[in-house]
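Architecture at a glance
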Amino acid sequence: MVPPVPDAQIPPAPLQAQGPQGTHGAPTPAASSRAEPLSGRVRVPGDKSISHRAMIFGLLSVGETRVTGLLEGEDVLRTAAAARALGAHVVREGDGVWSVRGVGVGGLAQPA
């Protein structure tokens, strides 16, 4: 049996977070503004679900999406074929390196 801990050795309880009313009970107004478009590079380890998503994001984007570290399993290759069928220009440039030139949501073609 574990002996009880004296009250003097029990650490104080953590502070509790305040809700949207803040500390005085009055609502705290929130503001937002339009942001600039996102751009940049992201490096993540190869993953099947991320590989599918990279192909799909490339398809739905306007312009070129370069994907490195793509896992080239059969189902991911079928996603690439589906992107081509919907109008994207999909090119394998090397081992795990792909280029997807998307057509945007409004530019999708009906597959043949």
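On the surface, a cluster of nonpolar side chains totalling about 320 Å² of accessible area is made up of Ile56, Leu60, Val105 and Leu108. You can see Ile56 is positioned in helix α1 (residues 48–60).

So, about the pattern of salt bridges. Under the counting rule described, the total for this entry stands at six salt bridges. In this structure, the salt-bridge partner of Glu74 is Arg78, at a minimum N-O distance of 3.0 Å. Here Glu74 pairs with Arg78, and both are found in helix α2 (residues 74–85), just four residues apart, close to one helical turn. Taking the relative accessible area as the measure of exposure, Glu74 reaches 56% and is therefore exposed. On the accessibility criterion, Arg78 (56% relative accessible area) is exposed.

Whether parallel or antiparallel, the strands of a sheet pair through hydrogen bonds between backbone atoms. Within the open sheet, the three strands sit side by side as β1-β3-β2. Their pairing is antiparallel. The strands lining the two open edges of the sheet, one partner per strand, are β1 (62–68) and β2 (89–94). Within this sheet the neighbouring strands show an average axis-to-axis angle of 15°, counted without direction. When β2 meets strand β3 (residues 97–103), the two strands line up antiparallel, connected through five bridges.

On to α2, then. Counted at 1.5 Å a residue, the expected span for α2 with its 12 residues is 16 Å, and the 16 Å between its end C-alpha atoms agrees. Considering only its buried residues, α2 is in contact with α1, β2 and β3.

For the rest of this paragraph, the subject is the side chain of Thr79. Along the chain, Thr79 falls in helix α2. Overall, the relative accessible area of 15% leaves Thr79 in the buried class.

Attention now goes to α1. Relative to the 18 Å expected for 13 residues at 1.5 Å per residue, α1 spans 19 Å between its end C-alpha atoms, a close match to the ideal helical length. Those residues of α1 that fall on the buried side of the exposure criterion are Ser51, His52, Ala54, Met55, Gly58 and Leu59. The arc enclosing the buried residues of α1, seen along the axis, measures out at 160°, which places them on a common side. On its buried face, α1 sits against β1, α2, β2 and β3.

Here we come to the environment of Val42. Looking at the element boundaries, Val42 is found in the segment before α1. A residue is classified by how much of its surface remains accessible, and Val42, at 74% relative accessible area, is exposed. The sequence separation of Val42 and Val67 amounts to 25 residues, and the corresponding C-alpha distance is 9.7 Å.

Quick look at the side chain of His52 now. Along the chain, the position of His52 falls in helix α1. Given the relative accessible area of 18%, His52 is considered buried. Within the local environment of His52, its side chain forms a polar contact with the side chain of Thr79, the two groups lying 2.7 Å apart. Aside from chain neighbours lying at most four places away, what touches His52 is Asp75, Val76 and Thr79.

Reading the values: rules and limits
- Residues numbered from 1 in each chain as written.
- Predicted model: local features only at pLDDT ≥ 70, side-chain atom pairs only at ≥ 80, totals over all residues.
- Heavy atoms only, no water.
- Patch = residues over 30% accessible without salt bridge, like charges linked within 9 Å, V, L, I, M, F, W, Y side chains within 5 Å.
- Areas by Shrake-Rupley, 256 points an atom, 1.4 Å probe, with all protein chains shown as cover.
- Salt bridge = Lys/Arg side-chain N within 4 Å of Asp/Glu carboxyl O.
- Helix = DSSP H or I, 4+ residues; strand = E, 2+ residues; numbered from the N terminus.
- Buried < 20%, exposed > 50% of the residue type's maximum accessible area, 1.4 Å probe, protein only.
- Pairing = 2+ DSSP bridges.
- Axes fitted to C-alpha atoms, helices over the stretch in contact; angles between N-to-C directions.
- Expected span 1.5 Å × (residues − 1).
- Contact = heavy atoms within 4.5 Å.
- Arc of directions from axis to C-beta.
- Polar contact = N/O pair within 3.5 Å; in protein donor to acceptor, adjacent residues only side chain to side chain.

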